[in-house]
Amino acid sequence: MSLETVEHALAEFYCNQNVEVHKILLDFQNSVDAWNLVWNMLDTSKPHEIQFFGATTLHIKITKQWLQLKRTDYIPLRDKILETLIKYYNSSGPPNVINKLCYCLCAYVVRTIPHHWPDAIPQLMETFRNSLSQSSINVSVMILEILMALPDEFGATKLVQTQRNEVRKELQQSSLQVLSIVDSILKSDSLDPIVVHALKCAAAWLDIGFDLIQCHQLTDTFISVILNPERSQMCVLLAIDALKSLCTHPRTSICVATVFEVLNKVIVLSDKLFHLEITEEPNVVVDKLFDLFLGIGDQHFRLLVQGLLDDNTRELCTKFFNLFLTCTNAPGYYPVNENYSEKTFTFWFLLQDDLLSNDAGPDNTLLSIIRPLYISLTQVLLKKVAYPEHLESWTSDERELFRCYRQDISDTFIYCYFILQSEMLDVLLAIYKQVTCDHETAIAQWQTVEACLFAFTAISEPLQSQKSYPHIEQLMSSLVSLPYEQIDQKASIAAMDTIGAYYYWIETHPSYLELIVPLLMTGLHNSNMFSSASTALRDIAKECGEFIAPYNDVILNTAIIVLKKIKKLKEEIRLMNTVGVILSVTSYPKNKPFIDTFIDPNLEAITNILAIEDNTEFTKHRSELQGRIKVLNSLVSAIDMEVVIYQILQKTFNLLQRTGTKYFISSHEDSLYADVCELLKTFISKLAQERENCEVPTTMVIEILMIGFRKSPQPAGLILFKEAVILFGLYDASIPLLKSTYEEICLRIKFMFEQASPADQFNLGDVIESYLSLQGHIFKKWSFIAVDNPNVDFTFVFKLASEALCANEIFLAKTATFFLTTFINISREHRSLFKVLDDNGQFLVMKIICILKGDVVKRNLDTMCEVLYVLNRNYGEHLGRWFHNIVTVQNIVLPNVTEQMKTKFFKRVLKERANKKTLLVIVKEFSFICRGLILIDPQNDE
């Protein structure tokens, strides 16, 4: 391709961005000729657009197509880059072209150190000092730009681990020299633009790694920039970033004394953080300083904790802990007025986790020092978790962030409890009593009431394993006296949540049901409290079965009344689930009248809908029909009496059968069929233990399943049949029906694929995933249902799974992996399955090669590797032959690798039959090389 063609295409692309022109430019960038033509494009007389495209192309060639070069090309390429860069800088060329050329030079350095250019960094600095014709200021900026780009380019470059370690070591050896240059620039009276470059350079090199003992004097330098009122805000922010890199690098933890020396200097920056006020605009400097100190806390929390035991460091460490508490207690509401407090939650988790993981008993000295801090933290969190006065004025995004924030605080309350135990309950109960001393106070301070109840709910789970505290008895007794009709609904809802959270406590204190059940009935009648009340009632009924029995009639009669008033389907579903739990703890046949009361209205509604003859009219009621089926499913899923479940199945069978015959549609996404299948799945999961009578429910379920499946194979039917096979495959009476149904399903799936166009097959991912999941579970659990069936084409299934292994949908690829690994593992035990593997194994290996060489997204490598591992363990000799036939005989090209590299890779794979993790490392490294994500020198590899 000529230079004129490229320049013409580039000019046309900037005018209309034509797709064909774009392809011409990409082809040029991928060509070998581009190595030579870019220098003509980088001529300083060329238009700016051509220069930038030339620089971009050069960067692509170095970063992605390095293997096109020979070793003899390395030095001429380096010299040409340096010459061009110096020319551009001396002629004050376009900044974006200079910047891209800097990255080209840095990419070259990463590729060539230490073997081909061992003293790269000192030589670069010397070269530019001697070659740039401009002032020393510009020389400094130029050197800093290159030095700043080098760590970035190293981080962005994919290298094999050994090469990465070598390059990192080389850069770390130069870091002291680079940081010394930065230090001298920052200590001089340099202008802000140079200081900005120096600070960016410092942060980049500190992230690579350094010796804190040798570099800790940079702390003073950075702090002086931060505190210098004459420096711009940009300089201050970058200085804080650089200081954070210095203080929080993982390597600093080994230098304990030096870390404390650095922290003793850094703490001076905290003064402005202790007296914050709410501001209309966020203070970016304060935000950065909090990030700095929180980063220090996350990295060095162990040192800070241990420092509390040392007289020399106790005061310093106490200041840090108080600072973190101050950050949590930032004024205002998150996320509207402040964004600081949310960042501290990780620190509080790390702190308590470290304290408790080091066998800190109740008399532990550290715990005694830390407890007052956590008491203060509990009080702060109660304030921060409280609802604002005008939440409705917030945007939906702000309300969602606040909801997530409250959940984070809930987790942090748990950390507080782990440290404080009963002391936390003392704090919470004291505040709660204070704000509920009378109705007027509770109504006026409802936010604090809600916050206390929220905290009690948060710690209910860890309290479950402890002895019973008297605090909970006082709390439960006090809930009765809350003014539910006058207090804000959020506090009422929190009360219902608290009752439900302590369901396990109620089991050991059943006398409190006399207080709690009436409260929950009140909650059911209240539309705002309904959801929390019904959930609490369900959990208590499950836990307190025999104790709640005296209240069953009251609860069920209330439910009958409430169900007539409910407008929302999801609320009806929730309450019916609770009713199912209550019915389960009521003896049969005593509960039969209630069962009929709750079941019959739904069956009557379904009957009336099915009586509609006009399809247009029925369509209007289709969603109502699905709603009734979902309500029945919710009820059935909560009942644990097999005799009741069987009776409900008998009552609903004819209606479900009529529903399927009349209204299931020929679609892969029939939601009505999916709802019916979900109900049937619930039935069979409840009846799975009925070994003697399993044949009848199995027949009923499969009859309805196949009504819809014969109209169109759907995932819901496959999932239901899988459940039936897993549950009833053990029973002899069910096996003939399961075998015949399995055969029909396989034939229908194959027919569907044979009739579908390639475009239609692309849209059948859900069907394929469900089908392969069914096959995998059958072969894993009850292979006798499938094996030796002459009418099932296992070759089709095997090839379908092999194709699915390459799917972009990761769940489909994982399901294909599950089937293939199961199939391969048992294939040697069955002649018919062995023949499928023997005849079609090379087809599977071809798909594996496609994933390896980059035809498929790289996330499929993990799943593919599992298949390769199992294939290697069971068919090692076959695998070697298949590899040879595909790569050598068929000459399938593996990009970016030599014959020697291919041979070495296949040998390593065939040898690794014991360790899946090692195989995954081998496969990923080779695939990344093929994909161009890792560039290596093939001659070194050989």
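Rules used in this analysis
Residue numbers restart at each chain and count upward from 1, following the sequence in its written direction. The predicted origin of the model limits local features to residues at a pLDDT of at least 70 and limits the giving and counting of side-chain atom pairs to 80 or more, whereas totals for whole chains, interfaces and linings rest on all residues. To obtain the side-chain values, all non-hydrogen atoms of the structure were included, while hydrogens and water were left out. Classification of ring pairs uses Phe, Tyr and Trp, with its six-membered ring standing for Trp, and accepts pairs whose centres are within 6.5 Å; under 30 degrees between planes counts as stacked, over 60 as edge-to-face, and the remaining range as tilted. Each helix corresponds to a stretch of at least 4 residues labelled H or I by DSSP, and each strand to a stretch of at least 2 residues labelled E; elements are numbered beginning at the N terminus. A 1.4 Å probe rolled over the protein chains alone gives each residue an accessible area, and that area as a share of the maximum for its type sets the label: buried under 20%, exposed over 50%, partly exposed in between. Cysteine sulfur atoms that pair up within 2.5 Å are treated as a disulfide. We call two residues in contact when some of their heavy atoms are within 4.5 Å. Only buried Ala, Val, Leu, Ile, Met, Phe, Trp, Tyr and Cys residues count toward a nonpolar core, and they belong to the same one when joined by side-chain atoms within 4.5 Å. UniProt positions are given in the numbering used here, feature names are shortened, and annotations may be inferred rather than shown by experiment. Structural elements are reduced to axes, namely lines fitted to C-alpha atoms, with helices fitted over the stretch in contact, and the angle between N-to-C directions of any two is expressed from 0 to 180 degrees. To sort the angles, those under 35 degrees are grouped as roughly parallel, those over 145 as roughly antiparallel, those from 65 to 115 as roughly perpendicular, and the leftovers as oblique. In this scheme the handedness of a crossing depends on how the near helix is turned from the far one: anticlockwise by less than a right angle means left-handed, clockwise means right-handed. One speaks of a salt bridge when a side-chain nitrogen belonging to Lys or Arg is within 4 Å of a carboxyl oxygen belonging to Asp or Glu. Any helix carries an expected span of 1.5 Å times its number of residues minus one.

Trainee: Run through the packing of aromatic side chains, naming residues and quoting values.
Mentor: Aromatic ring pairs are defined here through the distance separating the ring centres and the angle between the ring planes. This structure, assessed with the given rule, holds 39 aromatic pairs. Judged by centre distance (6.4 Å) and plane angle (70°), the rings of Phe13 and Tyr14 are edge-to-face. Measuring from centroid to centroid gives 4.2 Å for Phe324 and Phe347, while their planes differ by 50°, and the two rings are tilted. Of the two residues, Phe324 is situated in helix 16 (residues 314-328) and Phe347 in helix 17 (residues 345-357); the sequence distance between them amounts to 23 residues. The buried category is assigned to Phe324, whose relative accessible area is 1%.

Trainee: Describe the state of the cysteines, with residues and values.
Mentor: For the structure on display, the rule yields zero disulfides. Of the cysteine sulfurs around Cys317, a residue in no disulfide, the closest is that of Cys247, at 14 Å. Take Cys930: it sits in no disulfide, and the sulfur closest to it among the cysteines is that of Cys850, at 12 Å.

Trainee: Would you mind going over helix 41 (residues 794-804) in detail, with residue names and values included?
Mentor: For helix 41, the tally of buried residues reaches eight of eleven residues, placing the bulk of the element in the interior. For helix 41, the secondary structure elements touched by its buried residues are helix 38 (735-755), helix 40 (765-781), helix 42 (810-827) and helix 43 (831-853).

Trainee: Describe in detail the nonpolar core, supporting the description with residues and values.
Mentor: Nonpolar side chains in soluble globular proteins tend to end up buried together. Counting 344 residues, the largest nonpolar core has Leu58, Phe293, Phe413 and Phe598 as its most contacted members. With twelve residues, helix 15 (residues 284-307) is the largest single contributor of residues to this core. Discounting residues that sit within four places of it in the chain, Phe598 has contacts with Leu556, Ala559, Ile560, Leu563, Met576, Val579, Leu583 and Leu635. Among the nonpolar cores identified, the runner-up in size contains 13 residues, and Leu10, Phe13, Leu25 and Phe28 belong to it.

Trainee: Report on the UniProt feature "domain: Importin N-terminal" (unreviewed entry) in the chain, specifying residues and quantitative values.
Mentor: Here the UniProt-annotated "domain: Importin N-terminal" (unreviewed entry) positions come out as residues 21-87. Helix makes up 73% of residues 21-87 and strand 0%, whereas the separation of the span's terminal C-alpha atoms amounts to 31 Å.

Trainee: I'd like a rundown of the packing of helix 37 (residues 715-728) against helix 38, residues and numbers included.
Mentor: For the pair helix 37 and helix 38, the least separation of the axes is 11 Å and the interaxial angle reads 155°. The pairing of helix 37 with helix 38 is recorded here as roughly antiparallel in orientation. The crossing of helix 37 and helix 38 is left-handed. Note on element contacts: helix 38 touches helix 37 through Leu738, Thr741, Tyr742, Ile745 and Ile749, opposite Leu718, Phe721, Ala724, Val725 and Phe728.

Trainee: Give me the lowdown on the environment of Leu844, citing residues and values where you can.
Mentor: By the secondary structure assignment, Leu844 is in helix 43. Taking C-alpha positions, Leu844 is 48 Å from Phe345, a pair spaced 499 residues apart along the chain. Setting aside its immediate chain neighbours within four residues, Leu844 contacts Phe798, Ser802, Leu805, Leu820, Ile824, Val867 and Leu871.

Trainee: Can you break down the pattern of salt bridges residue by residue, with the values?
Mentor: A complete count under the given rule lists 34 salt bridges for this structure. Glu7 is paired through a salt bridge with Lys46; the nearest N and O atoms lie 2.9 Å apart. Residue Glu7 is located in helix 1 (residues 3-16), and its partner Lys46 is located in the loop between helix 3 (34-41) and helix 4 (48-64); the two are separated by 39 residues in the primary sequence. A residue is classified by how much of its surface remains accessible, and Glu7, at 18% relative accessible area, is buried. Under the relative-accessibility criterion, Lys46 is labelled partly exposed at 24%. The salt bridge involving Asp354 is made with Arg302; its shortest N-O contact spans 2.3 Å. Here Arg302 lies in helix 15 and Asp354 lies in helix 17, a separation of 52 residues in the sequence. Looking at Asp354, the relative accessible area reads 11%, which means it is buried. Look at Arg302 and you get partly exposed, because its relative accessible area is 29%. Salt bridges here are not isolated pairs; linked through shared partners, they connect Lys592, Asp596, Asp600 and Lys651.

Trainee: Can you lay out helix 28 (residues 530-543) for me, pointing to particular residues and giving the numbers?
Mentor: Taking 1.5 Å of rise per residue, the 14 residues of helix 28 would be expected to cover 20 Å, and the 20 Å separating its terminal C-alpha atoms lies within 8% of that figure. Every buried residue belonging to helix 28 is among Phe530, Ser532, Ala533, Ser534, Ala536, Leu537, Ile540 and Ala541, and all of these are buried. The inward-facing, buried residues of helix 28 contact helix 25 (489-501), helix 26 (503-508), helix 27 (513-525), helix 29 (545-548), helix 30 (552-565) and helix 31 (569-584).

Trainee: I'd like a description of unusual backbone geometry, backed by residues and values.
Mentor: A cis amide bond links Ile113 with the next residue in sequence, Pro114, at an omega value of 0°. Structurally, Pro114 is set in the loop between helix 6 (95-112) and helix 7 (120-131). Here the bond from Tyr334 into Pro335 is cis, since omega is 0°, no more than 30 degrees from zero. As for its position among the elements, Pro335 is in the loop between helix 16 and helix 17. In this structure, Asp788 is a non-glycine residue whose phi angle is positive, near 70°. Looking at where Asp788 falls in the secondary structure, it is placed in the loop between helix 40 and helix 41.

Trainee: Can you lay out the environment of Asn99 for me, pointing to particular residues and giving the numbers?
Mentor: Looking at where Asn99 falls in the secondary structure, it is placed in helix 6. Asn99 sits 340 residues away from His439 along the chain, and the two C-alpha atoms are 69 Å apart.

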